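The lines below spell out each chain.
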Amino acid sequence: MALRVYNTLTRQKELFEPVQPGRVTMYLCGPTVYKSPHIGHMVGPVIFDAIKRYLLFKGFDVNWVVNITDVDDKLIAAAAEAGTTVAELAERHTAEYFSCLKLLGVDTIDQFPKVTDYIPQIVQLCQTLVDKGFAYAVAGDGAGDAAGNLYFDVGKDSDYLKLSHRKLEEQEAGTRDLEGGPKRNRSDFALWKAAKPGEPAWDSPWGKGRPGWHIECSAMSLECLKTKTIDIHGGGMDLIFPHHENELAQSESATGQPFVKYWLHNGLTRLNTKKISGSDAATTEGKAALAAVSARKLIGDYSPELLRYFLLSTHYRSPIDFTDEVIMAARKGLEKFTRLFERIERLTGQPLPTKGLDMDIASRDLLETPMADFARSVLSFKMKFLEMMDDDFNTAGAIGVLHEMASEANAFIESSGLEKQPMPDKLEAATAAVQSLKNLAQILGLFRQPTQRPNQDNDLADKLMALLIQLRQDARVSKNFALADAVRKGLVEIGVTLEDRADGTGWRRD
């Protein structure tokens, strides 16, 4: 199977062939750390973490970089308002960002370059653009007479706006207003910004100042990935213009080489709810509302596994609607897998390993038995899963296949009567099927931790639940169905579900 990806630049799916065979360079625009991370900051990292995991599964060597913007107008303003330094504020929110990534299982990022650590490389890239005639300085009123702003001259770039497919006159809405002298073109954007008194500043040929927004990513990606052409550049669709458009223009003007081979852009997260946890607003909707929703609080309220599952349950190029109803639907979907894992662990008497005997291996023996059809079915689901991922990293479709696998495994367990009597050969087949499911899910970064059974290891809780289950059973035997129903209903209200199985009644905490 061949991997195909949708390229924003060409607006079509293309065969994925990295610049250097077997090796993939990947860059994702990270946050400007002027405030605590919100859920929108987590979308890209979770998606591209799953993408990297799949590329690794396919045998590629992947180098993935995510930048940290630790100096910016917003940071300067936020630090002044908080009565602290830009460096201290940036460090604090960067730590929060890292903490959220860890909780969500995003641990495949190779480098986190910070803008302030790459000022020499940024200045050098600016100078290259000046030397090649793509950039010009104008006098400013910043730190002294020599200080000024440096701009990129879009009029010198013949294919400017080829990424966003805009017309030049349409792009001004996304252009940041800058202080300083007159520009040659209204669409020209800043490469270097003159510093005001008291602001963070570095020396440059154009006076003391700091980098513009776009030049930072160009310099860090070129330096960290050691290539003039990146294989994959990712980010939200809101970054296509102006950020990625300007990155592309300045990078290709400086190097004379294609900047990125495949541009991948994820859909934006939309919030529209009155009850979503963590929101400070009574009613919030749209992208702006995300800032009111703390990523750390959501992770605490909904669990990291659920949020990761939720984010991957939509194709990455589609918008993600973040509502109570959608989250609850995701929770029900996730519970299907949890119950299946618990079921197979109960039957085998041992936890599913992180990596164990799956159907790829077990089928060698099963294909010569009456369980051959079941083995073939599981293997066909695996192929379907991989086909989904090869079709532009369709994690939503892949998760749908995992649900089909779970249904198939549950049906096999029930039809085989495994919960009524032990049958080692059929139990081995069922276990291999569930292990295959878990192994595939781990390609997406799901189910990497052992199945958790809250409170079930607590001896007192076990004994109390045993009493309640027996009380309900006695009530049913004596035909006191009102009491039996009251026991079940009362447990549901406190988050406990009873499961009537062939081998008795079990319980789980929702």
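Predicted model, so just to flag it, every value in this text is computed and none were measured.

1. What about the environment of Val24?
For step 1, the next point in the chain: Topologically, Val24 is positioned in strand 3 (residues 23–28).
For step 2, the next point in the chain: On the accessibility criterion, Val24 (2% relative accessible area) is buried.
For step 3, the next point in the chain: Once residues within four sequence positions are removed from consideration, Val24 is found in contact with Phe16, Pro18, Leu55, Phe60, Asp61, Val62, Asn63, Asp231 and Ile232.

2. A word on the pattern of salt bridges
Pairing between side chains becomes possible if they bear opposite charge and their charged atoms approach one another.
For step 1, the next point in the chain: Throughout the structure, instances matching the rule amount to 27 salt bridges.
For step 2, the next point in the chain: For Asp392, the salt bridge identified is with Arg317, shortest N-O distance 2.8 Å. Of the two residues, Asp392 is situated in the loop between helix 11 (372–390) and helix 12 (395–416) and Arg317 in the loop between helix 8 (304–312) and strand 13 (320–322); the sequence distance between them amounts to 75 residues.
For step 3, the next point in the chain: When its relative accessible area of 0% is taken as the criterion, Asp392 is described as buried.
For step 4, the next point in the chain: Through salt bridges with shared partners, a single ionic network connects Asp49, Arg53, Asp107, Arg308 and Arg448.

3. Quick word on the packing of aromatic side chains
For step 1, the next point in the chain: On inspection of all chains with the given rule, the structure shows 16 aromatic pairs.
For step 2, the next point in the chain: Ring centres 5.9 Å apart and planes at 20° place the aromatic pair Tyr54 and Phe57 in the stacked group. Residue Tyr54 and its partner Phe57 are both found in helix 1 (residues 39–57); the two are separated by three residues, about one turn of the helix.
For step 3, the next point in the chain: Relative accessible area serves as the criterion here: at 1%, Tyr54 is assigned to the buried category.
For step 4, the next point in the chain: Taken together, a centroid distance of 6.4 Å and an interplanar angle of 65° make the contact between Tyr309 and Phe337 edge-to-face. With Tyr309 in helix 8 and Phe337 in helix 9 (residues 324–348), this residue pair connects regions lying 28 residues apart in the sequence. Just as Tyr309 is buried, Phe337 falls in that class too.
For step 5, the next point in the chain: Among the aromatic residues, ring-to-ring pairing joins Tyr309, Phe337, Phe341 and Phe447 into one connected group.
For step 6, the next point in the chain: Its end group placed over the ring of Tyr6, Arg317 keeps NZ or CZ at 4.2 Å from the ring centre.
For step 7, the next point in the chain: Seen from the ring of Phe341, Lys438 lies directly overhead, with NZ or CZ sitting 5.7 Å from the centre.

4. Considering the sheet that holds strand 5 (residues 135–139)
For step 1, the next point in the chain: Spatially, 5-6-7-8 is the arrangement adopted by the four strands of the open sheet, whose pairing is antiparallel. Whereas interior strands pair on both sides, the edge strands pair on one side only; in this sheet they are strand 5 and strand 8 (209–211). With strand direction ignored, the average angle separating the axes of adjacent strands in the sheet is 25°.

5. A few points about the sheet that holds strand 4 (residues 61–66)
For step 1, the next point in the chain: The parallel open sheet is built from four strands, whose spatial order is 4-3-9-10. Two strands lie at the open edges of the sheet, namely strand 4 and strand 10 (260–266), each paired on one side alone. Neighbour-to-neighbour, the strand axes of this sheet turn through a mean angle of 20°, independent of strand direction.
For step 2, the next point in the chain: Pairing analysis gives six bridges linking strand 3 to strand 4, with the strands arranged parallel. Each residue of the ladder has a partner; that of Thr25, found in strand 4, is Asn63.
For step 3, the next point in the chain: On the sheet, helix 5 (residues 213–225) packs against strand 3, strand 4 and strand 9 (230–236) and is oriented at approximately 155° with respect to strand 3.
For step 4, the next point in the chain: Helix 6 (residues 240–255) contacts strand 9 and strand 10 of the sheet and is inclined by roughly 160° relative to strand 9.

6. Focus: the pairing of strand 9
For step 1, the next point in the chain: Of all seven residues in strand 9, seven are buried; the element is thus mostly enclosed.
For step 2, the next point in the chain: Here three bridges tie strand 3 to strand 9, and the two strands are oriented parallel to one another. Residue pairing for strand 9: Met26 is matched across the bridge by Ile232.
For step 3, the next point in the chain: Handedness of the crossover is the feature at issue here: the chain leaves strand 9, passes through helix 6, returns alongside strand 10, and the resulting connection is right-handed.

7. A few points about the environment of Ala466
For step 1, the next point in the chain: Residue position: Ala466 is located in helix 14 (residues 459–477).
For step 2, the next point in the chain: A relative accessible area of 43% places Ala466 in the partly exposed class.
For step 3, the next point in the chain: Expressed as a C-alpha distance, the spacing of Ala466 and Thr505, which sit 39 residues apart in the sequence, is 9.3 Å.

8. Quick look at the confidence of the model for the chain
For step 1, the next point in the chain: On average, residues of the chain score 88 in pLDDT, and 88% of them reach the 70 mark or higher.
For step 2, the next point in the chain: pLDDT under 50 marks residues 173–181. Its contacts with residues more than four places away, or in other chains, come to 21 contacts.
For step 3, the next point in the chain: Within the model, the stretch residues 278–286 combines pLDDT values under 50 with 19 contacts to residues more than four positions away or in other chains.

9. Remarks on the packing of helix 10 (residues 359–366) against helix 11
For step 1, the next point in the chain: Between helix 10 and helix 11, the shortest axis-to-axis distance is 9 Å and the interhelical angle comes to 155°. Judged on the interaxial angle alone, helix 11 and helix 10 are roughly antiparallel. The two elements helix 10 and helix 11 meet at a crossing, and its hand is left-handed. Of helix 11, the residues touching helix 10 (which contributes Met359, Asp360, Ser363 and Leu366) are Ala372, Phe374, Ala375, Val378, Leu379 and Lys382.
For step 2, the next point in the chain: Partitioning the contact of helix 10 with helix 11 into residue classes produces seven nonpolar, one polar and two charged.

10. Concerning the pairing of strand 10
For step 1, the next point in the chain: The buried count for strand 10 comes to six of seven residues, which makes it a mostly enclosed element.
For step 2, the next point in the chain: In terms of strand pairing, strand 9 meets strand 10 through six bridges, oriented parallel. Opposite Ile232, over in strand 10, you have Tyr262 as the bridge partner.

11. Topic: helix 15 (residues 481–493)
For step 1, the next point in the chain: The terminal C-alpha atoms of helix 15 lie 18 Å apart, and with 13 residues this matches the ideal 18 Å at 1.5 Å per residue to within 8%.
For step 2, the next point in the chain: All buried positions along helix 15 are accounted for by Ala484, Val487 and Leu491. The arc that holds the buried residues of helix 15, viewed along the axis, is 60°, so those residues lie on one side. Of the residues in helix 15, the exposed ones pointing more than 90 degrees away from the buried face are Ala482, Asp485, Lys489 and Glu493.
For step 3, the next point in the chain: Within two residues after helix 15, Gly495 carries a phi angle of roughly 90°, on the positive side.

12. Some details on helix 10
For step 1, the next point in the chain: Residues Met359, Ala362, Ser363 and Leu366 constitute the buried set of helix 10. Taken end-on, helix 10 shows its buried residues confined to a sector of 110°, consistent with a single buried face. For helix 10, the exposed residues lying more than 90 degrees away from the buried face are Arg364 and Asp365.
For step 2, the next point in the chain: For helix 10, the elements touching its buried residues are helix 11 and helix 13 (424–443).

The rules behind the values
Residues numbered from 1 in each chain as written. Predicted model: local features only at pLDDT ≥ 70, side-chain atom pairs only at ≥ 80, totals over all residues. Heavy atoms only, no water. Helix = DSSP H or I, 4+ residues; strand = E, 2+ residues; numbered from the N terminus. Buried < 20%, exposed > 50% of the residue type's maximum accessible area, 1.4 Å probe, protein only. Contact = heavy atoms within 4.5 Å. Salt bridge = Lys/Arg side-chain N within 4 Å of Asp/Glu carboxyl O. Phe/Tyr/Trp six-rings, centres within 6.5 Å; stacked < 30°, edge-to-face > 60°. Lys NZ or Arg CZ within 6 Å of the ring centre and 35° of its normal. Pairing = 2+ DSSP bridges. Axes fitted to C-alpha atoms, helices over the stretch in contact; angles between N-to-C directions. Right-handed = clockwise from strand over helix to strand, strands pointing away. pLDDT = per-residue confidence, 0-100. Parallel < 35°, antiparallel > 145°, perpendicular 65-115°, else oblique. Left-handed = near helix turned anticlockwise from the far one by under 90°. Nonpolar A, V, L, I, M, F, W, Y, C, P; charged D, E, K, R; others polar. Expected span 1.5 Å × (residues − 1). Arc of directions from axis to C-beta.

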